[in-house]
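Read off the chains here:
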Amino acid sequence: MLHWQCLVASTAVWHLLPCLGLGLSLMEITKQTAWKTTGERGRRISLHHLQMKEQRAAVVKNAPRHSKHVKKQALEQNLFCVMCRDGGSLWECDEEDCSRVVCRKCVVVPEEYITTVLDPDVKFKCTSCHWRETLKSGPVSYFGFYKGEKPVLPTPPAVHGNFEHASSGQVASLSTAVLHLYLESLEVGHAPVAAIQSFIQPYFPEGGYKFAELSFDLANPDSLATYLTAASELSPSLALFSRVLLILTTHTDEDRGDFFAGKDEGKLVASKVSEFLEVLLGPFRQIVKVQM
């Protein structure tokens, strides 16, 4: 199932938007209230009345729509320990519908029992499955390795590290794309974007990761046409990924909270949030449903 996350950045505020299935919910940011910014005031324009309206509508119309009936993607075996979120030598959970792994540094088996736990008839149960199964019955010693229902270790193995997320959580490297859309005239660095990319990329040692960025000036007809063409060409490749993280970098108007859309006659202009997002995300309608 495709899953979009959107991170909207002004020069002073980052807004994390919730994601609902295939749909990107934008309800929380459509209220026209002023958000603090270090930018300036921009004259409001209507993007619906630009000269490129017909061309923009044609691009959006021709973009394939996503289906409401999307088969849930089965998770592959995790590549990183569910406890320390690191790789290395891993124990793979044998419980049904569990893809978690635990590294041998977090669940330590005495050397003299390594051969015993590697027996094909011995099943490993990760800490998450154990805690979920014993949640209602109360504390039960965790042995990790079982033949049938019987533990194969004489004493519980040493468990190191901390479990810092929900018992249903996973450290899964589902294919992920990061898309950065930024205002063309924004003369600031994109350090937060670089930090996000450097954090995410190491979790994909076997591929399945893509980073792309596009600049936009929606107030200039020529720049708008260039953006729509580039975005429409990029959109199909993003549809191949299970997760897409969308990062938007722009200013907001000090008084109205409008997003800065570009420049008109050399001056920054802003647009209503709903119009701005409709135009900006129009080429990506095949993989995200914008709810206004």
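Residues numbered from 1 in each chain as written. Predicted model: local features only at pLDDT ≥ 70, side-chain atom pairs only at ≥ 80, totals over all residues. Heavy atoms only, no water.

Chemist: I'd like to hear about the sheet that holds strand β9 (residues 123-124), residue by residue, with values.
Modeler: Taken together, 3 strands build an open sheet; the order of strands is β9-β10-β11 and the sheet is antiparallel. Of all the strands in the sheet, just β9 and β11 (150-151) have a single pairing partner and so form its edges. Relative to strand β10 (residues 145-147), β9 runs antiparallel, the two sharing 2 bridges. For lysine 123, the partnering residue across the bridge sits in β10 and is tyrosine 146. (Pairing = 2+ DSSP bridges. Helix = DSSP H or I, 4+ residues; strand = E, 2+ residues; numbered from the N terminus.)

Chemist: How would you sum up the nonpolar core? Please name residues and give values.
Modeler: Residues Leu181, Phe216, Leu218, Tyr227, Phe276 and Phe284 are the most contacted members of the largest nonpolar core, which totals 33 residues. Of all the elements in the fold, those that place two or more residues in this core are β13 (176-183), β14 (209-216), α5 (221-238), β15 (243-249), β16 (259-264), β17 (267-271) and α6 (273-280). No other element matches α5, which puts 6 residues into this core. Setting aside anything within four residues of it in sequence, one finds tyrosine 227 in contact with Leu181, Leu214, Ser215, Phe216, Leu218, Val279, Leu280 and Phe284. (Core = buried A, V, L, I, M, F, W, Y, C linked by side-chain atoms within 4.5 Å. Buried < 20%, exposed > 50% of the residue type's maximum accessible area, 1.4 Å probe, protein only. Contact = heavy atoms within 4.5 Å.)

Chemist: Kindly report on the pattern of salt bridges, identifying the contributing residues and their values.
Modeler: Any two side chains of opposite charge can pair, given that their charged atoms come close. All chains considered together, the criterion is met by 3 salt bridges. Between aspartate 253 and arginine 256 there is a salt bridge, with its nearest N and O atoms 3.8 Å apart. In this structure arginine 256 comes out as partly exposed when scored by relative accessible area, which is 26%. Of the charged contacts, one joins arginine 256 and aspartate 258 as a salt bridge, the two residues approaching to 2.8 Å between their closest N and O atoms. Judged by relative accessible area, aspartate 258 falls into the buried class, the value being 0%. Within the structure, one salt-bridge network assembled from shared partners comprises Asp253, Arg256 and Asp258. (Salt bridge = Lys/Arg side-chain N within 4 Å of Asp/Glu carboxyl O.)

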